[in-house]
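# Topology and contacts: notes
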Number of protein chains: 2
Amino acid sequence: MHLDEFDRKIIGALQEDARMPVAQVAERAALSATPVSRRIKRLEDEGVILGYQPVLDPRRLGFELDAYVLINLDGHSDDNISRFERAIHGNPYVIACHAVTGDMDYLVHVIARDVEHLSQITLKTLVRIPGVRDVKSIIVLETIKETRAMPLE
Amino acid sequence: MHLDEFDRKIIGALQEDARMPVAQVAERAALSATPVSRRIKRLEDEGVILGYQPVLDPRRLGFELDAYVLINLDGHSDDNISRFERAIHGNPYVIACHAVTGDMDYLVHVIARDVEHLSQITLKTLVRIPGVRDVKSIIVLETIKETRAMPLE
DNA sequence: TATGAAATAATATAGTT
DNA sequence: AACTATATTATTTCATA
């Protein structure tokens, strides 16, 4: 699978506005609507484009706070790991979770309505997952940049 | 500004698929197409919905690696800060950057093509921004969860 | 002030070359 | 890949609650 210059232009346009009319995308890619329509379909089928999402303002939905929680597991038994990961998947306030290098095992990104809510998420929910040993919170003071757009060079 | 149950259902449907036809969104919200179309417009105008983006598979675009870089600034002069933040905004491999609590000043999320590229981004670019003192990299081994969908309860 | 139904306008897709 | 025709979808209008 290879992306040519047309595909890149199409993806670039959609990254600006995923609901941009095909004709407009076509104009930017110097193509007509038909091949653009077909290429978008192909990119979806091939799994380059996985879906489309609205970009929402967290604050307007009541999420004023944002934190990264570093977590260590007690043992690293399969049981502990799968239980932890299940808990993560089931928690709607966890918007991202990565297994990472360094002295902590996981980096978990959470959103919260306020300080109390954040405290509830970390102290009442995350630390209480069986197998969790250590938790360190990094609270976001300010978001300097947050983009989902990927470079296409 | 207040979101009612209809707005929530509409946003919920769009979070599943931002290109879902209005008629289908309407069905899920138990409304007809007309008010749904207007409500979406209103949510956009009010800044609840900021835009629409494709969800892309980073790997298919050649980004195999993913890291969080913790950064300390030397002094905290306005000059240092604004220079740093300008560099962050100008770097397309930085997909997120937050000013955070704790012993590091910033948490920077970067994507990279491979280890060499990651090294280039951190050692050749980020550490060389004037004012940057200390850099610690946390490399993502596995992404357990990554959603942009916000809870709407 | 907000809805639903119908009409119109815009847009996407399929067929043909 | 483009052009044209068709189908799908969005939006506007209007009557109404």
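As annotated in an unreviewed UniProt entry, chain A carries the name AsnC family transcriptional regulator and is attributed to Novosphingobium endophyticum.

Within a sheet, neighbouring strands are paired by backbone hydrogen bonds and run either parallel or antiparallel to one another. A barrel is described by the order of its strands in space; here 8 strands give the closed sequence β2(A)-β4(A)-β3(A)-β5(B)-β2(B)-β4(B)-β3(B)-β5(A), paired in antiparallel fashion. Within this sheet the neighbouring strands show an average axis-to-axis angle of 35°, counted without direction. Of the pairings in the sheet, the one linking strand β2 (residues 65–73) of chain B to strand β5 (residues 132–146) of chain B comprises 7 bridges and is antiparallel in character. Bridging across to β5(B), V69(B) finds its partner in S137(B). Where helix α4 (residues 78–90) of chain A meets the sheet, its contacts fall on β2 (65–73), β3 (94–100), β4 (106–112) and β5 (132–146) of chain A together with β5 of chain B, and the angle it forms with β4(A) comes to roughly 25°. Along the sheet face, helix α5 (residues 115–126) of chain A touches β2, β4 and β5 of chain A and points at about 140° away from the line of β4(A).

This part covers the protein's contact with DNA strand C. Neighbouring DNA strand C are the residues P21(A), V22(A), A23(A), T34(A), S37(A), R38(A), L31(B), S32(B), T34(B), P35(B), R38(B) and R39(B). Within the contact set of DNA strand C, a phosphate oxygen lies 2.8 Å away from a backbone nitrogen or oxygen of S32(B). Here T34(B) contributes a side-chain N or O atom positioned 2.7 Å from a base nitrogen of DNA strand C. Of all the elements in the fold, those that place two or more residues in the surface near DNA strand C are α2 (22–29) and α3 (33–45) of chain A together with α3 (33–45) of chain B. In terms of residues, the surface near DNA strand C owes the most to one element, α3(B), which gives 4 residues. Looking at side-chain class alone, the surface near DNA strand C contains 5 nonpolar, 4 polar and 3 charged residues.

Looking at chain A, the domain boundaries give domain 1 (5–45) and domain 2 (58–139). Between the C-alpha centres of domain 1 of chain A and domain 2 of chain A there is a distance of 38 Å.

The rules behind the values
Residues numbered from 1 in each chain as written. Chains lettered and ligands numbered in written order. Predicted model: local features only at pLDDT ≥ 70, side-chain atom pairs only at ≥ 80, totals over all residues. Heavy atoms only, no water. Pairing = 2+ DSSP bridges. Helix = DSSP H or I, 4+ residues; strand = E, 2+ residues; numbered from the N terminus. Axes fitted to C-alpha atoms, helices over the stretch in contact; angles between N-to-C directions. Contact = heavy atoms within 4.5 Å. Near = heavy atom within 4 Å. Polar contact = N/O pair within 3.5 Å; in protein donor to acceptor, adjacent residues only side chain to side chain. Nonpolar A, V, L, I, M, F, W, Y, C, P; charged D, E, K, R; others polar. Domains from an automatic or database assignment.

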